[in-house]
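# Analysis of the macromolecular model
Read off the chains here:
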Amino acid sequence: ALPLCLEMVKGRRKTLGNENPRTLSAIHTLGTLYIDMSRFLDALPLLTEASNARRKILGAEHVDVLKSISALGLVTFETGNHQAAAVLLVDVLPLFRKTLGDLDPCTLFALNSLGLVRTDKGDYDAAEPVLLEALSGRRVVLGPDHPDTLITTIYCAWMYTNKGDHTKARPLAEQSVSTARKIL
């Protein structure tokens, strides 16, 4: 997939220009592919370019802009800039809610990412409601056995373990293991 994506970005830049929405979509896709490959330093400049250009062309509340900012928030976190990631995710979350609703998978992704950032910072009281909302939403929208629901369940267990609340962490951890055995 990577060679095809690289070729697509190169071709669209050449034929459509750097700020064409289809070019920016290809750039965003390549950035998210790098996220899937855990190549966050490769994803960072692409998602920065996509989010900035999309905001300029499409406006701050366009769904494509919000998706790029949300992905950029995760990459920013993964590259070690946790404060900037938190700012991006806090800023984009109300726009996702307004534009797509509380149960849209993109809103739930942003919630999950924000919960991860807050947990990593040790701000468990702020992380808990965000992660629980993401978990509840993912269970409804994606189902209890979806890989994204599993990830959020693991994050909730991790947050409760770090918080020292093993009574809440244990059933989530057990559920995570059970689900992982079933789907992986």
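Here we summarise the structure given alongside this text. Bear in mind that the values here come from a model prediction, so they are computed numbers and not experimental data.

## Topic: the environment of Thr 149
Relative to the helices and strands, Thr 149 is located in helix H8 (residues 147-163). A residue is classified by how much of its surface remains accessible, and Thr 149, at 1% relative accessible area, is buried. A C-alpha to C-alpha distance of 5.4 Å links Thr 149 and Arg 138, two positions 11 residues apart in sequence. Contacts of Thr 149, omitting those with residues within four sequence positions, involve Leu 135, Arg 138, Arg 139, Leu 142, Gly 143 and Pro 144. In terms of polar contacts, Thr 149 uses its side chain to reach the backbone carbonyl oxygen of Gly 143, at 2.8 Å.

## Overview of the packing of helix H4 (residues 63-78) against helix H6 (residues 105-120)
Remark: H4 packs on H6, axes separated minimally by 10 Å, with the N-to-C direction vectors making an angle of 25°. Accordingly, the angle class assigned to the pair H4 and H6 is roughly parallel. The crossing of H4 and H6 is left-handed. Residues Lys 67, Ser 70, Ala 71, Leu 74 and Phe 77 of H4 form the contact with H6, whose participating residues are Cys 106, Phe 109, Ala 110, Ser 113, Leu 116, Val 117 and Asp 120. Of the residues in the contact of H4 with H6, the class split is 8 nonpolar, 2 polar and 2 charged.

## Things to note about a nonpolar patch on the surface
Nonpolar side chains collect at one region of the surface, where Leu 103, Val 140 and Val 141 lie side by side and expose about 260 Å² of accessible area between them. A relative accessible area of 46% places Leu 103 in the partly exposed class.

## Side note on the packing of helix H2 (residues 21-36) against helix H3 (residues 40-58)
Axis separation between H2 and H3 bottoms out at 8 Å; the angle between their running directions is 150°. On the basis of their axis angle, the class for H2 and H3 is roughly antiparallel. In the crossing of H2 with H3, the sense of the turn from one axis to the other is left-handed. Facing H2, whose interface residues are Leu 24, Ser 25, Ile 27, His 28, Leu 30, Gly 31, Thr 32, Tyr 34 and Ile 35, H3 presents Phe 40, Asp 42, Ala 43, Leu 46, Leu 47, Glu 49, Ala 50, Ala 53, Arg 54 and Ile 57.

## Here we look at the nonpolar core
Ranked by internal contacts, the top residues of the largest apolar core, which has 39 residues, are Leu 30, Ile 35 and Leu 47. Listed by contribution, the elements that provide at least two residues to this core are helix H1 (2-16), H2, H3, H4, helix H5 (82-100), H6 and helix H7 (124-141). Residue contributions to this core peak at 8 residues, all from H4. Excluding residues that lie within four positions of it along the chain, Leu 47 makes contacts with His 28, Gly 31, Thr 32, Ile 35, Ala 71, Leu 72 and Val 75. Counting residues in each nonpolar core, the second largest holds 9 residues, with Leu 131, Cys 156, Ala 157 and Tyr 160 among its members.

The rules we used
- Residues numbered from 1 in each chain as written.
- Predicted model: local features only at pLDDT ≥ 70, side-chain atom pairs only at ≥ 80, totals over all residues.
- Heavy atoms only, no water.
- Helix = DSSP H or I, 4+ residues; strand = E, 2+ residues; numbered from the N terminus.
- Buried < 20%, exposed > 50% of the residue type's maximum accessible area, 1.4 Å probe, protein only.
- Contact = heavy atoms within 4.5 Å.
- Polar contact = N/O pair within 3.5 Å; in protein donor to acceptor, adjacent residues only side chain to side chain.
- Axes fitted to C-alpha atoms, helices over the stretch in contact; angles between N-to-C directions.
- Parallel < 35°, antiparallel > 145°, perpendicular 65-115°, else oblique.
- Left-handed = near helix turned anticlockwise from the far one by under 90°.
- Nonpolar A, V, L, I, M, F, W, Y, C, P; charged D, E, K, R; others polar.
- Patch = residues over 30% accessible without salt bridge, like charges linked within 9 Å, V, L, I, M, F, W, Y side chains within 5 Å.
- Areas by Shrake-Rupley, 256 points an atom, 1.4 Å probe, with all protein chains shown as cover.
- Salt bridge = Lys/Arg side-chain N within 4 Å of Asp/Glu carboxyl O.
- Core = buried A, V, L, I, M, F, W, Y, C linked by side-chain atoms within 4.5 Å.

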